[in-house]
Amino acid sequence: MLALERLIGRRHHPEQLIEAGLTALVLDVEAEFLPLLAGLSRSEHEQADVLFEQVLDELGLLQDLPNDTTDLPWEVARRELVRWWLRLIVNGSLAPGAGGDLITYEGWGALARPQTLRPLVDKTQAYNDWAAIRLGDREALANSIVEEARRLLTGPWPPQG
């Protein structure tokens, strides 16, 4: 998913790439450059991007990514990222407000605002409303984002409409 995010122009902090390398090592992924990525010290962080790309290439993950800039591959990548972000919201790895913002700006807007994502966008906007913040109503609004994410994941993917 980090590779897909990079494909659409999102950049990651070296710590995120190193953490992904550590996770892959724990999961017994074998690649020559993986221990180098996972073992980078703070003074070596500038090498993380290059090593991450090398690991992706070694594992053959780059060949599965769209390699041109036509609309279809970019849309496919963004839809997959939206689904991944929805899963992270549902499993609690991504805060509902932050995840809703990410989907709104990196998914919904970039995908020509599909109507199926509109309820999630509306719930995110309500969550970010200053009135809700001042009144302390955000917990219920966060729960509604999680429920909408869960609903979207139980239907067909990509959602139609």
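Located above this text is the structure these notes cover.
First, a word on scope: everything that follows refers to the structure included in this document. (Residues numbered from 1 in each chain as written. Predicted model: local features only at pLDDT ≥ 70, side-chain atom pairs only at ≥ 80, totals over all residues. Heavy atoms only, no water.)

1. A short note on the pattern of salt bridges
Put simply, the rule is: Take a side-chain nitrogen of Lys or Arg and a carboxyl oxygen of Asp or Glu: if they are within 4 Å of each other, that pair is a salt bridge. A helix here means a DSSP run of H or I that spans at least four residues, while a strand means a run of E at least two residues long, and both kinds are numbered starting from the N terminus. Burial status follows relative accessibility: with a 1.4 Å probe on protein chains alone, a residue under 20% of its type maximum counts as buried, one over 50% as exposed, and anything between as partly exposed.
Scanning the entire structure with this criterion turns up six salt bridges. When the shortest N-O distance is used, the salt bridge between Arg-83 and Glu-80 registers 2.7 Å. You can see Arg-83 and its partner Glu-80 sitting in helix 5 (residues 71-91), three residues apart, about one turn around the helix. On the basis of relative accessible area, Arg-83 is assigned to the partly exposed category, the value being 21%. The salt bridge partner of Arg-151 is Glu-148, with a shortest N-O separation of 2.5 Å. Highlighted residues: Arg-151 and Glu-148, both in helix 9 (residues 138-154), separated by three residues, approximately one helical turn.

2. A few points about the nonpolar core
Here is the rule we go by: To form a nonpolar core, buried Ala, Val, Leu, Ile, Met, Phe, Trp, Tyr and Cys residues must be joined to one another through side-chain atoms within 4.5 Å. Contact criterion: two residues are considered in contact whenever any of their non-hydrogen atoms come within 4.5 Å of each other.
Residues Val-82, Trp-85, Leu-86, Ile-89 and Ile-103 are the most contacted members of the largest nonpolar core, which totals 20 residues. Where this core is concerned, the elements lending two or more residues are helix 5, helix 6 (96-108), helix 7 (118-128) and helix 9. For this core, the element with the highest residue contribution is helix 5, accounting for six residues. The residues contacting Ile-89, other than those within four sequence positions of it, are Leu-94, Pro-96, Gly-99, Gly-100, Ile-103, Ile-145, Val-146 and Ala-149. With 14 residues, the next largest nonpolar core counts Ala-3, Leu-37, Val-55 and Leu-56 among its residues.

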